[in-house]
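Next come the chains, spelled out residue by residue.
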Amino acid sequence: MQIYALVDCNHFYVSCERAFAPYLQNQPVGILSNNDGCLVALSPELKNLGVTRGTPGFKINEIVKNQKVYLFSSNYELYGDMSTRVMKILASMVNDIEIYSIDEAFLFIDNISDKKIVYDLALEIKKKVYQFTSIPISIGLAKTKTLAKIATNMAKKSFNGIFELLDENIEENLLKSTSIENIWGIGRNYTKRLNKYGIFTGYDFIKASPYLIRKEMGIVGERSQLELKGTPCSDMTTLPPDTKSIICSRSFGKPVSSYEKLLETVSTYCSTAVHNLREKGLVAKNLTLFITTNPFKDTKQYANYINCSLPDYTAYTPEFLNLCAILLKKIFKENYQYKKSGIMLTDIIKQNVIQPNLFSLSYGDDKRHLVMRVMDKINNKFGTEKIYFASNGVKKSWKMKREKTSKRFTTRWDELMTVK
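None of the values given here were measured: they were computed from a predicted structure.

Notes on the overall build of the chain
When helices and strands are tallied, the chain shows 13 helices and twelve strands. Viewed in the frame of its principal axes, the chain has a C-alpha envelope of about 65 × 65 × 50 Å. Within the span of the chain, comprising 420 residues, buried residues form 46% of the whole. Pairs at least 24 apart in sequence give 66% of the contacts found in the chain among residues at least 6 apart. Entry remark: accessible area of the chain is about 23,100 Å², with carbon and sulfur atoms responsible for 52%. Computing the positive centroid from 59 side-chain charges and the negative centroid from 42, the chain places the two 6 Å apart.

Listed below in structure tokens is the structure:
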């Protein structure tokens with residue numbers, strides 16, 4: 001018997017904060033977006049107070065004060081590392097794993113005919129993940145990925161966080177109570193189309209004519225229908241897709257008006273993007289740079305972008321930084337309050353397939369890649385930006401507001417938890 005399991009970390013960002021602060025258990029907790037703007041993650045306790053995702057943080061000041069709500073700035077370094085740890089545990093317990101997002105992964109369980117053995121395996125996975133990370137997870141078991149998605153939603157409501165959707169009678173009853181809008185791959189737009197034909201539930205969907213589904217939704221809809229009937233149509237993708245682009249972009253903590261400060265932002269984001277390039281063993285040739293004012297403020301508006309290609313593929317940061325300075329001068333305008341800038345690297349290939357140049361050494365054949373390797377090793381060991389380029393700036397008064405950030409307990413030696 002072939003079974004798909006979808007593992008979903010429960011309110012993941014909140015759980016990461018709770019893992020290192022036990023006093024947050026059963027308390028209303030919210031995670032703020034960049035620059036401490038809107039709520040991007042909420043604990044069930046905060047939702048019960050009537051707060052919804054996307055609410056600006058300042059609008060719940062009264063609730064925070066009266067209900068003792070705990071708010072945190074997004075700590076993506078911590079969340080990313082905790083996600084990696086969870087995924088490694090999952091990968092150690094099954095043969096095939098497809099990482100779907102930072103807090104979700106599909107597992108493929110094969111050659112097990114006994115449902116009880118599968119259920120016990122799910123219990124063991126749940127126990128081990130919590131033991132080593134303190135992250136609670138929900139697991140849905142089904143014959144296809146689409147059904148596993150539905151099962152996981154039910155698992156979040158079950159007493160032990162596991163829901164098995166392998167019985168046809170249970171499957172049929174559940175589909176009758178599941179709105180098609182909540183089925184993976186359908187969404188609002190298709191829901192409106194299908195409602196016109198009297199299709200409102202998952203059960204209506206599987207009973208509908210395949211011709212009608214294909215007419216309204218194309219091949220994607222036909223596959224979704226087959227998956228809901230128990231026929232797998234989505235293969236496990238165990239290898240990540242080839243990287244087509246790398247983007248690094250942020251809003252500033254406060255507006256920037258001078259060319260020098262704006263260059264600091266662009267240089268910082270460029271350094272991060274090229275570092276990510278090297279981490280994946282890639283090189284790039286094309287760089288796109290963009291700047292924009294705040295479209296939500298009643299001030300003079302301006303936005304522009306520009307791109308250019310280097311002569312050869314490289315992951316040598318100084319070459320991209322020099323190009324950034326040249327490009328920024330071409331689109332920068334004075335007397336504007338800039339709120340955001342960004343960098344995008346495209347035309348990306350693997351470093352080991354760089355075509356040799358007859359007249360000059362390529363990035364992988366000279367000392368440039370050695371210099372970058374040493375710099376990356378030092379920063380990986382002692383912390384980000386222990387060594388950085390002068391064009392990135394020193395004080396960085398424009399940096400994002402992150403006044404409520406917790407410590408990066410798992411990735412910074414100087415931020416390790418102190419046990420007394």
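Quick word on the side chain of R278
For R278, the position within the fold is in helix α11 (residues 259-279). By relative accessible area, R278 is classed as buried at 15%. Polar contacts involving the side chain of R278 include one to the main-chain carbonyl oxygen of A315, which spans 3.0 Å. There is a polar contact of 2.7 Å between the side chain of R278 and the side chain of D376. If near-sequence neighbours (up to four positions away) are discounted, R278 is found in contact with A315, T317, Y363, M372 and D376.

Side note on the layout of surface pockets
In this structure, the largest pocket encloses a volume near 1,900 Å³. Considering the residues around the largest pocket, the lining is formed by 45 residues, among which E77, R250, T272, T384 and R412 are closest to the centre. Of all the secondary structure elements, the ones that give two or more residues to the lining of the largest pocket are α4 (76-93), β9 (246-256), α11 and α13 (368-382). Per element, the largest residue contribution to the lining of the largest pocket is eight residues, and it comes from α11. Tallied by class, residues from the lining of the largest pocket come to 14 nonpolar, 16 polar and 15 charged. Put simply, the second largest pocket is a space of about 500 Å³. Broken down by secondary-structure element, the contributors of at least two residues to the lining of the second largest pocket are β1 (3-9), α1 (12-19), β3 (39-42) and α2 (44-47).

A word on the sheet that holds β9
Spatial strand order, β9-β12-β10-β11: four strands in an open sheet with antiparallel pairing. Unpaired on one side and paired on the other, β9 and β11 (303-314) mark the two borders of the sheet. Across the sheet, the axes of successive neighbouring strands diverge by a mean angle of 15°, strand direction being ignored. Summarising the sheet, strand β10 (residues 282-293) and β11 pair through eight bridges and their orientation is antiparallel. Each bridged residue has a counterpart across the sheet, and for F290 the counterpart in β11 is Y305. Lying over the sheet, helix α12 (residues 317-331) contacts β10, β11 and β12 (338-350), oriented at roughly 150° with respect to β11.

As for the sheet that holds strand β2 (residues 29-32)
One open sheet holds the three strands; their spatial order is β3-β2-β4, and the pairing between them is mixed. The two strands at the open ends of the sheet, each matched to only one other strand, are β3 and β4 (70-73). Averaged over all pairs of adjacent strands, the angle between their axes in this sheet comes to 25°, without regard to strand direction. Bridge analysis of β2 against β4 gives four bridges, and the strand direction is parallel. Paired with G30 across the bridge in β4 is L71. Strands in contact with α1 are β2, β3 and β4; relative to β2, the strand with the most contacts, it is inclined by about 110°.

Criteria and thresholds
Residues numbered from 1 in each chain as written. Predicted model: local features only at pLDDT ≥ 70, side-chain atom pairs only at ≥ 80, totals over all residues. Heavy atoms only, no water. Helix = DSSP H or I, 4+ residues; strand = E, 2+ residues; numbered from the N terminus. Buried < 20%, exposed > 50% of the residue type's maximum accessible area, 1.4 Å probe, protein only. Contact = heavy atoms within 4.5 Å. Areas by Shrake-Rupley, 256 points an atom, 1.4 Å probe, with all protein chains shown as cover. Lys, Arg positive; Asp, Glu negative; His and termini not counted. Charge placed at Lys NZ, Arg CZ, Asp CG, Glu CD. Polar contact = N/O pair within 3.5 Å; in protein donor to acceptor, adjacent residues only side chain to side chain. 1 Å grid on protein atoms, 1.4 Å probe; cavity = no way out; pocket = protein on both sides within 12 Å on 5 of 7 lines; lining within 4 Å. Points joined across faces, edges and corners; volume = space filled by probe spheres on them. Nonpolar A, V, L, I, M, F, W, Y, C, P; charged D, E, K, R; others polar. Pairing = 2+ DSSP bridges. Axes fitted to C-alpha atoms, helices over the stretch in contact; angles between N-to-C directions.

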